Each structure stands twice: as C-alpha cells, then as structure tokens.
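Tertiary structure, described
Each chain, written out:
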Amino acid sequence: MHTINLSKFPIRTDLIVENDKLKNYKTEKVVVDNITIEKNSSKDHKEKYTTISFEDITDKDNFKKVEHVFINELKPYIECLSIKREEPVLVVGLGNSHSTPDSLGPETIKQVLVTRYLFALGDVDKDYQSVAAISPEVTATTGIETSETIKSLIEVTNTKLLIVIDALASSSLTRVNKTIQITNTGIHPGSGVGNNRKELSQKTLNIPVIAIGVPTIVDAVTIVSDTFKYMEKQFSYKLNNYDNKKLKLVPTTIQDYSKEENTLPEETKKEILGEIGSLTEDEFRQLIYEVLSPINYNLMVTPTEIDFIIEKLGLLIGNGINKSLHKNFNPTNNQ
C-alpha cells in the first residue's frame, strides 16, 4: 500500500470543534435540554467560539429550546462591547439567495428588525438598538467583492458592530443543519462552499465582528468516511447483541446503533474490511479523497429537506439577533 501524505488532504470544515486549532483553546462543555453548548477560548481570552449542537428544530418545542439557548449565548458577545443604542449595528447575511444551502444569510436578514431609519426620524423607545441589515449577495452575482461592499457601508453608516451570518461546511454528517457556531474572530465569505473571499474581522474592518454560522453541506469524502464508521458501529452492535433475543424481534431497519460505542476489535475489522480496515480515520479519508478528487466526484452535498430547514434556521437566528439587540422585541412570526 502506498504512503499517504496527510498534509495534502484539505479537511473541509469551518467549525472550531472539528479543527486541529482546538487543542490550543480552553474548552468548557455543558448540556441543557439535550442541547450541547461547547465554549472554546484562546489563552488570552481574545478569541471566543460557542458551538451549539442540537438534534431537531422542526417542531415548536425543540425550536423554542434551541432559540432560547442561542439567545443566551449570543447576548454576552454583544453586551461585553457596550455598544450604545444610537450607535448603528450592521447585520449582514452572506451567501447566495438562489442556492438554498448557501442562502442562510439572506433568509436570516428577512427576519431582522431594522430600526436605523427610525432613529433618523426621531425618538425611538430606549429598549431598541439602531440596526441596519443587508444581503450583499455573492461576488459572482454583483461583480463586487463582499468585503468592499461591507467596508463602504460601515463608513457610510458609522457602524460600531458588524454581525455576519453565513452557511458553513462540516466534516461530520451529524452536524449538518444541527450546529450553530458563534465567534468573535470573523469569517471568510464563501468558505462553506469552498470559495473563500477576503476575511471579515476586526483586523480588516477595525470594528468588532460577530460571526454566526451553520454547516449546511458536507463533501462526498465525509459521507463515504462516515458511512464506513457507521458500518463498523453496526458490526460492533450486531456482535455485542448476537444473543439478545429481544433485539431479534426488532426489524434491522429501525435498530438505532448510532450512539453505541464501537468496540469492534482491530483484527475483526481487518478481517471484514481487508487492508482498508487497518487504516486510521485520517488515512481512510485521504484514500477516499484521492479516489474521488481526480474525477471531480468529491461533490458538496446537502439534505433533501434543506429548503424547510433553512427557513427554520433563518427564523431562529433572526429572532435570536432581534432579542439580543432589542430588549422589547416580541417575535410575531414564530412557527
């Protein structure tokens, strides 16, 4: 078997929890109502990430639970900046409104309560923040670099805080549409579809930037790799429950082994999968990458119900931003 050079393999993820950079961060993890909240911060506490992982937001109860957690986690990012109510906050929805997996930003902007024009007209309730919002679309559509558009808007509106929303990519099937990442480190527009544009951060824009993202796609390498991991889990599950008479009455199609620990011995794994069974996870991903990439089959894939999920995520994030910026905000567009 040939030597595998892992340094040439680009891990397709925008999530800090899937990044090697994580080992340099302090980590805290809590679980609230089956929602996992993981907080990562650099040693000097200047760089912060919050990752919210959940199972479902398609029903009202789960939607409200995730929304509540999202608001509680987003508020501290904003409050620590001490932005005055009359100082404009610019909310930017990155992405392509004509491509559903990449339309999280534009969909969220539809839900954002804008008030900046009201401040220009006269008195506004003291519990409301000056907010402007825009979806600048993608460079391929406008011919204008997204960072250039945003820099111009910041200058014209005298923006004091930028909040950006974008679709991300993940290296795990289980995180697609089920993870929200909040960070104060900025974002690269287009990163979710492998088309990095100029960075949007405090370093490049000279104002605080809060980035909110959800992984909406994975590449084919991830799908194949995760399929093999689940296959190993299923083999392990079958072997561990071989004498379980009750399990024999449960149809194979509804046996949930996903949360079971993989205890498949290395020798058994190699016996079932041959030489492939002796590869590490990284080595296996590299092998699949080398197989699919030369023939352009390392496709970016999204779930079939993406239209519905993006609509729900846009509503949830939009409501969360509104509630975090406007104390008196009362959503009237809940599901």
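In this report, the structure presented in the accompanying data block is examined. Only a predicted model underlies this, so the values are computations on that prediction, with no experimental measurement involved.

A few points about helix H5 (residues 146-157)
Between its terminal C-alpha atoms H5 stretches 17 Å, which fits the 16 Å expected from 12 residues at 1.5 Å a residue. Taken together, the buried positions of H5 are Thr146, Ser147, Ile150, Ile154 and Thr157. Down the axis of H5, the smallest arc covering the buried residues is 110°, so these residues share one side. In H5, the exposed positions that point more than 90 degrees away from the buried face belong to Glu155 and Val156. On its buried face, H5 sits against strand S4 (89-93), helix H3 (116-121), helix H4 (139-142), strand S6 (161-169) and helix H6 (202-205). Immediately beyond the C-terminal end of H5, within one or two residues, lies Asn158, with a positive phi of roughly 60°.

Some thoughts on the pattern of salt bridges
By the definition in use, this model includes 13 salt bridges. The structure contains a network of salt bridges with shared partners spanning Asp226, Lys229 and Glu281.

Considerations on the nonpolar core
By size, the foremost hydrophobic cluster in this structure holds 36 residues, and its most contacted members are Phe70, Val91, Ile163, Ile180, Ile212, Ile317 and Ile321. Considering every element that reaches this core, the biggest residue donor is helix H10 (residues 306-325), with nine residues. In contact with Phe70, not counting residues within four places along its chain, are Ile52, Ile180, Ile182, Ile212, Leu316, Ile317, Gly320 and Ile321. Counting residues in each nonpolar core, the second largest holds 21 residues, with Tyr25, Val164, Val209 and Ala211 among its members.

Conventions we followed
- Residues numbered from 1 in each chain as written.
- Predicted model: local features only at pLDDT ≥ 70, side-chain atom pairs only at ≥ 80, totals over all residues.
- Heavy atoms only, no water.
- Helix = DSSP H or I, 4+ residues; strand = E, 2+ residues; numbered from the N terminus.
- Expected span 1.5 Å × (residues − 1).
- Buried < 20%, exposed > 50% of the residue type's maximum accessible area, 1.4 Å probe, protein only.
- Arc of directions from axis to C-beta.
- Contact = heavy atoms within 4.5 Å.
- Salt bridge = Lys/Arg side-chain N within 4 Å of Asp/Glu carboxyl O.
- Core = buried A, V, L, I, M, F, W, Y, C linked by side-chain atoms within 4.5 Å.

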